[in-house]
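Fold and contact review
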Amino acid sequence: MNLPRLQVERRLHTSRLMSTLALAVSLLLALLAIGLVFSSLGVDPVYAYRRILRGGFGSLYGLSESLAKAIPLLLTGAGLALAFRARVYNIGAEGQLLLGAIVGGGIALNFGHWPREVLLPVMFLGGFLGGALWAAVPALLKARFRVDEVLTSLMLVYVAGDLVRYLVYGPWRGPEERGFPYSSRFALAAQLPHLEGTRVHYPTLLLALGLALFLYLLLERTKLGYEIRVTGENPAAARYAGMNTDRIIVLVLLLSGGLAGMAGVGEVAGIHARLSPPEGISPGYGFTAIIVAWLARLNPLATILTAFLIGGLLVGGDAIQVALNLPAASIYIFNGMILLFVIAGDVFTRYRLRLELRS
Amino acid sequence: MALPPSPMSVRSWRFRPHTNGRSCEATVPASVSATALAEGLMASASVPPAVLMRGITKRFPGVVANDRIDLEVKEGEIHALLGENGAGKTTLMNILYGIYHPDEGEIRIRGRPVVIRSPQDAIRLGIGMIHQQFRLVPTHTVTENVVLGMKRGILFREREARQQIEALAKNYHLEVDPDARIWQLSAGEQQRVEILKALYRQAQILILDEPTSMLTPGEIEDLLKTLHRMKEEGHTLIFITHKLDEVTAISDRVTVLRQGKVVATLETAKTNERELAQWMVGREVLFRLNRQQAQVGETVLRVENLHVLNDKQLPALKGVSFEVHRGEILGIAGVAGNGQRELVETLIGLRPAVQGAIVLNGQSLTNLPPRARIEAGIACVPGERMTALVPGMSIAENMVLKAYRQSAFGKSGLLDRRAVNDHADRLIAEYAVITPGRDTPVKLLSGGNIQRALLARELSSQPSLLIVASPTSGLDVGATETVWKILLEQRQQGRAILLISEDLEEVMTLSDRVAVLYEGEIMGIVRGEENNLERIGLMMAGALRLPREEWV
């Protein structure tokens, strides 16, 4: 009868310090848990972490690779932060990214003779529209028929993947690729310039930084952003105040889809210079961006930091896969654990646990 | 000249149909004559009390909900727990039922010290609780709900359970069809299922949390019959209420709570409503508001033959018609659930009208979206306050929830933070909202301050029509007075106000005219004068319908 009891109580208010602390502790616990996984695979976790850090941030090369991976994560993550703020759970950014790659790639393959100053902006615009179009399906289903956007947007990821596969195995397969499922290489005008000696396609980076700032200002300093925040926090109050919540749901889905689509353009025009099967275009940036947005506490400006951090972990993860002969899936375990712990940690910012020692 | 009726008279009316309830006063044993304290000592010496709570303290972040509370409930009595909203009654009973755990204090059931860790523990000790919000599974039958959670082997012996339930229902006058599904039942019937649930679990001590709040007068009468029957059968009842007439009508003894403390334990037969009211609020409660002659002007709102469906697509309003004029308060009285919520939602555009017309200042609003109605001059403080607020956002941002579109708060799509802040500061000062600052999230404000802030926001747009629903529910006496004063001031300034409230006292205090809503229909519209009280009561119970030409 004298066992201590654990009581869960709702917090009245969450301070900023509290939520930062919860985030830090969650990350630490996630690393501990992942350490257990490493141990079970026979790898010294401390050594593994050191390798990850060194791989992602320990050299100029590592940093540049982290930055290159941060670009699609930032573009997609900032858009998702916006959508999540309106409590619209767009889980299908990966598919929207692939659609952006298709449209951007299609333009690159067909209009390679255009001057670069025209071609590249048109590709990004097309990628935005492609991603937005893909997000329009769950958006309209949600706004018209109240269909859960989590399901529809996620399912469309697989459709998008098959669409890419169909194109690179079929009509868009490059004749000179000797049967491999690749499109022809893009014309030079359709390829993004890099920082000297790296894979950092800086036009996309600048675009991503600008858009993250833009979305932050949109949320905090405009009437539309106010409507988005009210819709997310209390949709009943939004409707009561005469806001068109359906319009806002559609808008944030289109915007987040469009940004993911631009990320897809960045990948094909900045890294691969061709279309390839979906796994080749994106190793799951659209899903990893969910972690980026969540770690940033759904603040688009903070995604700049978290995208770089996660980008570094991806690079470090690649490094240890090779160096320690770990299975390729370990990096997904890594990412999954981090998201799990961060979201679970959120609970403690809203509730407090109390240990009761008396009976 | 419309004299404000004394709230007392309203209260005493409310229970007049069930004066049989007063017979219980005679059942108080003659031996109960010493003071409550001495009584308690005597009782504990002979028959231990059914419930003894001593020094119970429960703290929540920022408040002491229960402060060293002593409560003694004798075996076989009906004990009223009286107090205003927030006095700590429900918290105390949730402790007794094992939902909360006290920070300090001890509980004895029939003299035996106990630790109640969960409702299961409470049920094992023979304690049952009827919550204000029923805990039933809507799609299940009555029988299934009653036996839910009872571990009696793996098979569900439905026929046996049904027979037991029918026997219980018959013995305690709890008429309800054991095969009906919960969603098909009225609030009163659902409450009967809750009581059956407790009886089926062999509860000897039954806690009822404001059991009359959702009931029609007829259902209240039935409930009282059941309670008396339970007393006859030897059950001990604890009856949470904030209504004085209920205390005097059915309880043997009453414990009064104020701000988390016990202020008095009295024998009901030896006290009266006035004395109880003073104990409850700690000062003279009967504030008489000066309602001056209305300067009624032109028609502001005209509602004609309005038909509306509820969430289940069943008719909620069936041909409702009324008008509200400048400078008057039209009160809509009625027991909760007779179409009030649907009426408010339809007027502000959140629910479509199937048929009929809504006309504001000559402009037809029927089926225009909410925004168009806000711009046409309708303001609304809904009954569920949190649907009109964003709890996690600051007061400043909440104060512009409707007005943010105006160019005063930023041009070309931008939000001018400084204008938003100035607006909030102005309203906070004008309406004396108590808050650490405009950046405080509204969820941290007290109920009274939230209501002030809401009224401030809604009135800041200078609306032609203000709709207020249950504006003082959950507020303490001081906050209630403030809200009432604000509404009467607005009326004096010529505002048209539509007041929808289940609190008859409130309707009678404020309204120039009173329309009674019963099962989606207006039963009649009369002047808000005390001598109409009886007719209003009959209309609320559906027993009187005034012909249209007699409406005022």
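Residues numbered from 1 in each chain as written. Chains lettered and ligands numbered in written order. Predicted model: local features only at pLDDT ≥ 70, side-chain atom pairs only at ≥ 80, totals over all residues. Heavy atoms only, no water.

Another point: the overall build of chain A. Of regular secondary structure, chain A possesses 14 helices and two strands. Scaling as 2.2 N^0.38, a compact globule of 359 residues should have a C-alpha radius of gyration of about 21 Å, and chain A matches this with 22 Å. When its C-alpha atoms are laid out on the principal axes, chain A stretches across 80 × 60 × 30 Å. Within chain A, buried positions represent 53% of all 359 residues. Across chain A, every contact between residues at least 6 apart in sequence was considered, and the portion connecting residues at least 24 apart equals 76%. Summed over its atoms, the accessible surface of chain A is roughly 16200 Å², and 68% of this surface lies on carbon and sulfur atoms. Across chain A, the 30 positively charged side chains and the 20 negatively charged ones have centroids separated by 7 Å. (Helix = DSSP H or I, 4+ residues; strand = E, 2+ residues; numbered from the N terminus. Rg over C-alpha atoms; globule rule 2.2 N^0.38 Å. Buried < 20%, exposed > 50% of the residue type's maximum accessible area, 1.4 Å probe, protein only. Contact = heavy atoms within 4.5 Å. Areas by Shrake-Rupley, 256 points an atom, 1.4 Å probe, with all protein chains shown as cover. Lys, Arg positive; Asp, Glu negative; His and termini not counted. Charge placed at Lys NZ, Arg CZ, Asp CG, Glu CD.)

All right, on to the interface of chain B and chain A then. Between chain B and chain A, the residue contacts involve 40 residues of the former and 30 residues of the latter. In total, chain B and chain A occlude about 2900 Å² of area from one another, counting both sides; carbon and sulfur atoms represent 53% of this. Residue Glu 397 of chain B pairs with Arg 229 of chain A through a salt bridge whose shortest N-O separation is 2.9 Å. Counting only elements with at least two residues in the side of chain B that touches chain A, the list comes to α13 (370-376) and α16 (447-460) of chain B. In terms of residue count, α13 of chain B provides more of the side of chain B that touches chain A than any other element does, three residues in total. Grouping the constituent residues of the side of chain B that touches chain A by class yields 22 nonpolar, seven polar and eleven charged. (Buried area = accessible area lost by both parts, 1.4 Å probe. Salt bridge = Lys/Arg side-chain N within 4 Å of Asp/Glu carboxyl O. Nonpolar A, V, L, I, M, F, W, Y, C, P; charged D, E, K, R; others polar.)

All names here are of chain A. In this structure the tally under the stated criterion is eight aromatic pairs over all chains. Relative to Phe 308, the ring of Phe 57 has its centre 5.6 Å away and its plane inclined at 65°; by these criteria the two rings are edge-to-face. Placement of Phe 57 in helix α2 (residues 45-57) and of Phe 308 in helix α13 (residues 303-324) is noted, with a sequence separation of 251 residues between them. Take Phe 308: its relative accessible area is 27%, and that puts it in the partly exposed class. Both rings, one in Phe 84 and one in Trp 294, keep their centres 5.6 Å apart while their planes meet at 55°; by these two values the pair is tilted. You can see Phe 84 sitting in helix α3 (residues 60-85) and its partner Trp 294 sitting in helix α12 (residues 285-295), a full 210 residues away along the chain. Judged on exposure class, the residue Phe 84 and its partner Trp 294 are both buried. Taken together, Phe 38, Tyr 49 and Phe 334 form an aromatic cluster joined through their ring pairs. Positioned over the ring face of Tyr 182 is Arg 274, at 4.9 Å from the centre of the ring. (Phe/Tyr/Trp six-rings, centres within 6.5 Å; stacked < 30°, edge-to-face > 60°. Lys NZ or Arg CZ within 6 Å of the ring centre and 35° of its normal.)

Another point: the environment of Ala 167 of chain B. Residues and elements named next belong to chain B. Looking at the secondary structure, you find Ala 167 in helix α7 (residues 158-171). Residue Ala 167 is classed as partly exposed on the basis of its relative accessible area, which comes to 47%. Expressed as a C-alpha distance, the spacing of Ala 167 and Gln 462, which sit 295 residues apart in the sequence, is 60 Å.

Time to look at the pattern of salt bridges. Residues and elements named next belong to chain B. Following the criterion strictly, the structure yields 45 salt bridges over all chains and no others. When the shortest N-O distance is used, the salt bridge between Glu 210 and Lys 89 registers 3.8 Å. Here Lys 89 lies in helix α4 (residues 89-96) and Glu 210 lies in the loop between β7 (205-209) and α9 (217-232), a separation of 121 residues in the sequence. For Glu 304, the salt bridge goes to Arg 302, with nearest N and O atoms at 3.5 Å. Exposure remark for Glu 304: the relative accessible area of 31% places this residue in the partly exposed category.

The subject of this paragraph is the sheet that holds strand β5 (residues 112-114) of chain B. Residues and elements named next belong to chain B. Spatially, four strands are ordered β2-β1-β4-β5 in an open sheet, and the strand pairing comes out antiparallel. Strands with a single pairing partner mark the edges of an open sheet, and in this sheet they are β2 (63-73) and β5. On average, each strand axis in the sheet is tilted by 30° relative to the strand beside it, whichever way the strands run. Alignment of strand β4 (residues 104-109) against β5, held across three bridges, turns out to be antiparallel. Within β5, the residue paired with Ile 109 across the bridge is Arg 112. (Pairing = 2+ DSSP bridges. Axes fitted to C-alpha atoms, helices over the stretch in contact; angles between N-to-C directions.)

Whether parallel or antiparallel, the strands of a sheet pair through hydrogen bonds between backbone atoms. Residues and elements named next belong to chain B. Across the sheet, six strands lie side by side as β16-β17-β18-β13-β19-β20; this open sheet has mixed pairing. The strands lining the two open edges of the sheet, one partner per strand, are β16 (378-381) and β20 (521-527). For this sheet, the mean angle separating the axes of adjacent strands, direction not counted, is 20°. Bridging between strand β13 (residues 329-333) and strand β19 (residues 513-518) involves four bridges; their strand directions are parallel. Residue pairing for β19: Ala 333 is matched across the bridge by Val 516.

Our focus in this paragraph is the environment of Gly 106 of chain A. Residues and elements named next belong to chain A. Summarising the element assignment, Gly 106 is placed in helix α4 (residues 93-110). Spatially, the C-alpha atom of Gly 106 lies 22 Å from that of Val 200, the residues being 94 residues apart in sequence. Those residues within four positions of Gly 106 in sequence are excluded, and the remaining contacts are Ala 101 and Trp 172.

Looking now at the nonpolar core. Ranked by internal contacts, the top residues of the largest apolar core, which has 98 residues, are Phe 322, Leu 465, Ile 467 and Leu 498 of chain B. Looking at this core, you find at least three residues from each of domain 2 (293-377 + 465-545) and domain 3 (381-462) of chain B. Apart from residues no more than four positions distant in its own chain, Ile 467 of chain B is found in contact with Val 344, Leu 347, Ile 348, Ile 378, Ala 379, Cys 380, Val 381, Leu 498 and Ile 500 of chain B. Counting 88 residues, the second-largest nonpolar core is a separate cluster that includes Ala 70, Ala 101, Ala 307 and Leu 313 of chain A. (Core = buried A, V, L, I, M, F, W, Y, C linked by side-chain atoms within 4.5 Å. Domains from an automatic or database assignment.)

Here the focus is the side chain of Ser 256 of chain A. Note that Ser 256 of chain A resides in helix α10 (residues 245-272). Setting aside its immediate chain neighbours within four residues, Ser 256 of chain A contacts Gly 79, Leu 80, Ala 83, Asn 90 and Gln 96 of chain A.

We now examine the pairing of strand β9 (residues 253-258) of chain B. Residue and element names in this part refer to chain B. Counting buried positions over the six residues of β9 gives five, a clear majority of the element. Where strand β3 (residues 78-82) meets β9, four bridges bridge the pair, whose relative direction is parallel. Paired with His 79 across the bridge in β9 is Arg 253. Pairing of β9 with strand β10 (residues 261-267) involves six bridges; the strand directions are antiparallel. In the strand pairing of β10, Thr 255 is matched with Thr 265.

Let's shift gears to unusual backbone geometry. Phi at Asn 361 of chain B takes a positive value of approximately 50°, unusual for a residue other than glycine. Taking relative accessible area as the criterion, Asn 361 of chain B reaches 44% and is therefore assigned partly exposed.

All names here are of chain A. Here helix α6 (residues 149-169) spans 30 Å end to end across 21 residues, near enough to the 30 Å set by a 1.5 Å rise per residue. Residues of α6 that are buried include every one of Glu 149, Thr 152, Ser 153, Leu 156, Val 157, Ala 160, Gly 161, Val 164, Leu 167 and Val 168, and no others. On its buried face, α6 is in contact with α4, α5 (116-145), α11 (278-281) and α12. With a side-chain oxygen positioned 2.9 Å from the backbone nitrogen of Val 150, the residue opening α6 is Asp 148. (Expected span 1.5 Å × (residues − 1). Polar contact = N/O pair within 3.5 Å; in protein donor to acceptor, adjacent residues only side chain to side chain.)

We now examine the packing of α3 of chain A against helix α7 (residues 202-221) of chain A. All names here are of chain A. Across the interface, α3 lies against α7 with an axial gap of 9 Å and an inter-helix angle of 20°. Considering the angle they form, α3 stands roughly parallel to α7. Regarding α3 and α7, the two cross each other, and that crossing is left-handed. In this structure, α3 contributes Leu 67, Ile 71, Leu 74, Leu 75, Ala 78, Gly 79, Leu 82 and Arg 85 to the contact, and α7 contributes Thr 204, Leu 205, Ala 208, Leu 209, Leu 211, Ala 212, Leu 215, Leu 218, Leu 219 and Glu 220. A breakdown of the residues in the contact of α3 with α7 according to their chemical character gives 14 nonpolar, two polar and two charged. (Parallel < 35°, antiparallel > 145°, perpendicular 65-115°, else oblique. Left-handed = near helix turned anticlockwise from the far one by under 90°.)

Looking at where Ser 470 of chain B falls in the secondary structure, it is placed in the loop between β17 (465-469) and α17 (477-492). Setting aside its immediate chain neighbours within four residues, Ser 470 of chain B contacts Arg 385, Gln 451, Ile 500, Ser 501, Glu 502 and Glu 506 of chain B.

To continue, consider the environment of Ile 395 of chain B. Residues and elements named next belong to chain B. Relative to the helices and strands, Ile 395 resides in helix α14 (residues 395-399). Taking the C-alpha atoms as reference, Ile 395 lies 5.9 Å from Pro 441; in sequence the two are 46 residues apart. Excluding its chain neighbours within four sequence positions, the residues that come into contact with Ile 395 are Ile 428, Thr 435, Gly 437, Arg 438, Thr 440, Val 442 and Leu 445.

Just geometry here; none of it tells us what the structure is for.
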